[in-house]
Amino acid sequence: MIGRLNHVAIAVRDIAKASEVYKGTLGAEVSAKVPQPDHGVSTVFITLPNTKIELLEPLGDGSPIAKFLERNPDGGIHHICYEVDDIRAARDQLKANGARVLGDGEPKIGAHGKPVLFLHPKDFCGTLVELEQA
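A brief report on the enclosed structure follows.

Rules behind the numbers
- Residues numbered from 1 in each chain as written.
- Predicted model: local features only at pLDDT ≥ 70, side-chain atom pairs only at ≥ 80, totals over all residues.
- Heavy atoms only, no water.
- Helix = DSSP H or I, 4+ residues; strand = E, 2+ residues; numbered from the N terminus.
- Polar contact = N/O pair within 3.5 Å; in protein donor to acceptor, adjacent residues only side chain to side chain.
- Contact = heavy atoms within 4.5 Å.
- Buried < 20%, exposed > 50% of the residue type's maximum accessible area, 1.4 Å probe, protein only.
- Arc of directions from axis to C-beta.
- Salt bridge = Lys/Arg side-chain N within 4 Å of Asp/Glu carboxyl O.
- Core = buried A, V, L, I, M, F, W, Y, C linked by side-chain atoms within 4.5 Å.

## Thoughts on the side chain of His120
Positionally, His120 belongs in the loop between β8 (115-119) and β9 (128-133). A polar atom in the side chain of His120 sits 3.0 Å from the backbone nitrogen of Lys122. Beyond its immediate sequence surroundings of up to four residues, His120 is in contact with Arg100, Leu102 and Thr127.

Spelled out as structure tokens, the structure:
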């Protein structure tokens, strides 16, 4: 069902500082910061030859990333994202197998302009999983 690894998301307190670590220290290609108000975050993508790293910064106090950073003050890996060919078919198969889809279960448009869903971390070895329509 799952395709390639699309990205690994890292929650950070200061996206500009974190971007500079990837750009200045590691020499990576770093995108511009983009607010994602529907998800309560600002994002930056670091392009690697085989995948991407997504930096997430809270966009307001109600952001799920703000809550994550309260529990993890230094930041850290927030989720991993896999591509799927058909997000609704993947959702239905996962639910039939007992996995929990977060939110109302309907895909929302993600940072890449494609439908996404999140799966409960307790069902995936403690890891929050995002699915993105390929």
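## Some thoughts on helix α3 (residues 87-96)
For α3, the full list of buried residues reads Ile87, Ala90, Arg91 and Leu94. Mapping the buried residues of α3 onto a view down its axis gives an arc of 100°, with all of them on the same face. Turning to α3, the residues buried within the fold contact β6 (76-84), β8 and β9. N-capping of α3 is provided by Asp86, with a side-chain oxygen placed 3.2 Å from the backbone N of Arg88.

## Details of the pattern of salt bridges
Here the structure, examined in full by the defined rule, presents 7 salt bridges. Put simply, Asp92 and Arg91 hold a salt bridge, and the shortest N to O gap is 3.0 Å. The partly exposed category is assigned to Asp92, whose relative accessible area is 44%. With relative accessibility at 10%, the residue Arg91 sits in the buried group. Across the salt bridge formed by Asp104 and Lys108, the nearest N and O atoms sit 3.7 Å from each other. Lys108 sits in the partly exposed class, given a relative accessible area of 43%. Connected through shared salt-bridge partners, Arg88, Arg91, Asp92 and Glu106 make up one network.

## Describing helix α1 (residues 15-25)
Burial in α1 covers these residues: Ile15, Ala18, Ser19 and Tyr22. All buried residues of α1 lie within an arc of 100° about the axis, which places them on one face of the element. Turned more than 90 degrees from where α1 packs its buried face, Ala16, Lys17 and Thr25 sit exposed. At the C-terminal side of α1, Gly27 shows a positive phi close to 70°.

## Section: the nonpolar core
Formed by 22 residues in total, the largest nonpolar core has its most connected members in Tyr22, Ile53, Leu55 and Leu131. Listed by contribution, the elements that provide at least two residues to this core are β1 (2-11), α1, β4 (41-47), β5 (52-58), β6, α3, β8 and β9. Beyond its immediate stretch of four places on either side in the chain, Tyr22 contacts Ile10, Gly27, Ala28, Val30, Ile46, Ile53 and Leu55. Within the second largest apolar cluster, 7 residues are counted, among which are Ala9, Ala11, Phe68 and Leu69.

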